[in-house]
Amino acid sequence: MLLANKNRLIEMLGNALGSLAQERGLEPPPVPRIERPKAVDHGDVACNIALQLSKAWKLNPKELAQALVERLQKQPGFDRLIATCEIAGPGFINFRLSNVAKTAVVHEILKEGAHFGELPKDQASVASAMIEFVSANPTGPLHVGHGRQAALGDALANLLATQGIKVHREFYYNDAGVQIANLALSVQARLKGLKPGDPAWPEQAYNGEYIAEIATAFKASAEYRDDLEAIRQFAVNYLRNEQDIDLKTFGVQFDCYYLESSLYTDGSVAQIVGDLESIGKTYQSEGALWLKTTDDGDDKDRVMRKSDGSFTYFVPDVAYHASKWKRGFHKVINVQGSDHHGTIARVRSGLQGVAQKRGWDIPKTYPDYVLHKMVTVMRHGEEVKISKRAGSYVTVRDLVEWSGGVTPEMAPADRELALQRGRDAVRFFLISRKADTEFVFDIDLALQQNDENPVFYVQYAHARINSILQQWGGQIAELASADLSLLQSKASDYLLRRLAEYPEVLTDAASELAPHALAFYLRDLAGDFHTFYNADRVLVDDQSLKEARLALLLATRQVLQNGLKVLGVSAPVKM
């Protein structure tokens, strides 16, 4: 149901309730709510306000519902909005929309085009928001977990943008600490001619073939010298570039790359520690500095500075999030793996201390988190656990190439098309489940071109509509004036209802940080289209009926395009 129609019906219900309350001297009623019935045959929308108020108003719910219906039917414009309203069960009011109200969505979609479903900026819940995602250590190629983060984070950013929110995408590089030191040692070992398995190979070294690639590239560069710091800088820059290539292949761009190392060089970490010490948020024990995280609900206090003088990993995280707040990002969403769950309480506790010291009004729930679980990759019926290049995990590049059927002998143009197919499949698949559920990525399914493959199913609906419109060959602009009153079938009714849900799907998915809801919706929309296409022939002899059905398909194509764009998936014109 379109939001305008929904709001008008709620207004009418409110007027009817107010009139009844005033007439009988009853307490003022709450704002009524309407919802879609679980069973389609029960109507387009339903309201249970009579059940809610019957006890407080001491009225039989069915009698109350009948009194409301009588008042509703007398309101101006009711007949234009509602075809029928029935009282069902113990007091539900079920409404069926008029044909004019149902088909209004087609006119609105054709008018709004690519912006259909979006909220204007003046209705946005917040003016701006930051989404931090991927944030991979520059110690190796991006793995499938990073791929899930990339798909989730980018889709979330697009969703928030549809709600009028200005979105800032940020990538936090953990370019400091033990892992970076191990990277440098790994490359240095390769430069000495060592390889994994050799007696002198460092125990904590990275074993993937990419380490040998970095060593070869460094040796051939003008920066080559036997210096561990030079090796570290070259290796980090090399891997950052490699990750950028993967992200570009995946269709993800960032507004800012924030370096962890900068938090040390500009004194932010030291300042955070000083702030927390100055307000008594810390204490010394066993030669270490501890943060009183139990004051903020953590199960135990946490070490900030170890006895050797080094900081634990969550301390720069506190400094980083303090910088987010200072930069004006008061709505922040972090997309991370579920293994980061333990850091949430520590970061929030540290931020509360910083807020107390600096006079900032940081909410206790700042920042928000979307935590995702692991991805298992299946290929040829078996789990794939390693990549030759990465050594111990499947990379994003592997996943995209496998899912697109990329082969070494492909011509450049064919390879580009295959990469697009792979990117679409990986993005859609990784978004199509709730983030907090484990996901099995089936490469064989991604390669299938049939209804079992969800991304193919949705894209094929778009391509099929495009083919029908091409076969018709008329002027698209003419369809804006089609007589939509001719859309009377059950299949067209289902499709119209689904189209009208789109704006609310976007709003709810953005509010709940749940892009999978949009993927579900697109599958349902594609299903309703396929059902309509099989039930109602479109290119019929009756010119008016043909144009009405073509207008419905044109609107459906637009919503498919809009939704796929939010997910970062292409909408092919042919398949």
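Before any of the text, the structure's been laid out above.
Residues numbered from 1 in each chain as written. Predicted model: local features only at pLDDT ≥ 70, side-chain atom pairs only at ≥ 80, totals over all residues. Heavy atoms only, no water.

A. Examining the overall build of the protein chain more closely. Scanning the protein chain for helices and strands turns up 20 helices and 15 strands. Taking the principal axes of the C-alpha coordinates as reference, the protein chain spans close to 85 × 65 × 40 Å. Counting across all 575 residues of the protein chain, residues that qualify as buried make up 52%. For the protein chain, restricting intrachain contacts to residue pairs at least 6 apart in sequence, the fraction spanning at least 24 positions comes to 71%. Carbon and sulfur atoms provide 48% of the accessible area of the protein chain, an area that totals close to 27,000 Å². (Helix = DSSP H or I, 4+ residues; strand = E, 2+ residues; numbered from the N terminus. Buried < 20%, exposed > 50% of the residue type's maximum accessible area, 1.4 Å probe, protein only. Contact = heavy atoms within 4.5 Å. Areas by Shrake-Rupley, 256 points an atom, 1.4 Å probe, with all protein chains shown as cover.)

B. Molecular detail of the pairing of strand 13 (residues 375-379). Bridge count between strand 13 and strand 15 (residues 439-442): four bridges; the pairing is parallel. Within strand 15, the residue paired with Val377 across the bridge is Phe441. Relative to strand 14 (residues 382-384), strand 13 runs antiparallel, the two sharing three bridges. Bridge pairing in strand 14 places Met378 opposite Glu383. Hairpin connection from strand 13 to strand 14: two residues lie between these consecutive antiparallel strands, with His380 at a positive phi of about 55°. (Pairing = 2+ DSSP bridges.)

C. A look at the nonpolar core. In this structure, Val105, Ile131, Val134, Phe441, Leu518 and Leu567 are the most contacted members of the largest nonpolar core, which totals 99 residues. The leading source of residues in this core is helix 20 (residues 543-567), at 12 residues. Aside from chain neighbours lying at most four places away, what touches Ile131 is Gly153, Leu156, Ala157, Leu160, Val167, His168, Arg169, Glu170, Ile333 and Val335. Counting 30 residues, the second-largest nonpolar core is a separate cluster that includes Trp57, Ala65, Leu68 and Leu97. (Core = buried A, V, L, I, M, F, W, Y, C linked by side-chain atoms within 4.5 Å.)

D. Looking closely at helix 14 (residues 396-404). Across the nine residues that make up helix 14, a large majority, seven, are buried. Those residues of helix 14 not exposed but buried are Val396, Asp398, Leu399, Val400, Trp402, Ser403 and Gly404. Downstream of helix 14 by a residue or two, Gly405 has a phi angle that is positive, lying close to 70°.

E. Highlighting unusual backbone geometry. Pro367 follows Tyr366 through a cis peptide bond whose omega is -5°. Assignment of secondary structure puts Pro367 in the loop between helix 13 (341-358) and strand 12 (368-372). Unlike most non-glycine residues, Lys58 shows phi in positive territory, near 55°. Note on placement: Lys58 falls in the loop between helix 2 (49-57) and helix 3 (61-72). A residue is classified by how much of its surface remains accessible, and Lys58, at 74% relative accessible area, is exposed. Backbone geometry places Ser135, a non-glycine residue, at a positive phi of 40°.

F. Inspection of the packing of aromatic side chains at higher detail. Counted under the stated rule, the structure contains 21 aromatic pairs. Summarising the aromatic geometry, the rings of Tyr172 and Tyr258 are spaced 6.5 Å apart at their centres and angled 45° between planes, so their arrangement reads as tilted. Taken together, the positions of Tyr172 in strand 6 (residues 166-173) and Tyr258 in strand 7 (residues 256-259) put the pair 86 residues apart, joining distant regions of the chain. Assessed through its relative accessible area of 3%, Tyr172 is described here as buried. For Tyr258, a relative accessible area of 15% corresponds to the buried category. (Phe/Tyr/Trp six-rings, centres within 6.5 Å; stacked < 30°, edge-to-face > 60°.)

G. Region of the structure containing the environment of Ala150. Assignment of secondary structure puts Ala150 in helix 6 (residues 144-162). Taking the C-alpha atoms as reference points, Ala150 and Val335, 185 residues apart in sequence, are found 8.7 Å from one another. Filtering out sequence-adjacent residues up to four positions away, Ala150 remains in contact with Phe133, Val134, Phe250 and Val252.

H. Summary view of the sheet that holds strand 3 (residues 82-88). Taken in spatial order, the four strands make up an open sheet running 1-2-4-3, and their pairing is antiparallel. Unpaired on one side and paired on the other, strand 1 (34-35) and strand 3 mark the two borders of the sheet. With two bridges joining them, strand 1 and strand 2 (residues 45-47) adopt antiparallel strand pairing. Bridge pairing in strand 2 links Ile34 to Cys47. Most of the contacts of helix 3 go to strand 3, to which it runs at about 165°, and overall it touches strand 3 and strand 4 (92-97). (Axes fitted to C-alpha atoms, helices over the stretch in contact; angles between N-to-C directions.)

I. Just the pattern of salt bridges, in detail. Tallying each qualifying case throughout the model produces 27 salt bridges. Between Asp44 and Arg497 there is a salt bridge, with the nearest N and O atoms lying 3.1 Å from each other. Here the residue Asp44 occupies a position in the loop between strand 1 and strand 2, and Arg497 occupies one in helix 18 (residues 490-511), the gap between them amounting to 453 residues. Across the pair, exposure class does not vary: Asp44 and Arg497 are buried alike. Across the pair Arg327 and Glu170 runs a salt bridge, and its minimum N-O distance is 2.9 Å. Placement of Arg327 in the loop between helix 12 (314-326) and strand 11 (332-337) and of Glu170 in strand 6 is noted, with a sequence separation of 157 residues between them. Of the residues examined, Arg327 reaches a relative accessible area of 35% and is grouped as partly exposed. According to the relative accessible area criterion, Glu170 is buried, its value standing at 0%. A single network of salt bridges, built from pairs that share partners, joins Arg36, Arg498, Glu501, Asp524 and Asp528. (Salt bridge = Lys/Arg side-chain N within 4 Å of Asp/Glu carboxyl O.)

J. Main features of empty space enclosed by the protein. As enumerated under the stated definition, the model contains one cavity of 30 Å³ or more in all. By volume, the largest cavity is sized at about 60 Å³. Every element with two or more residues in the lining of the largest cavity is listed here: helix 5 (99-112) and helix 18. Looking at the lining of the largest cavity residue by residue, the class counts come to six nonpolar, one polar and two charged. (1 Å grid on protein atoms, 1.4 Å probe; cavity = no way out; pocket = protein on both sides within 12 Å on 5 of 7 lines; lining within 4 Å. Points joined across faces, edges and corners; volume = space filled by probe spheres on them. Nonpolar A, V, L, I, M, F, W, Y, C, P; charged D, E, K, R; others polar.)

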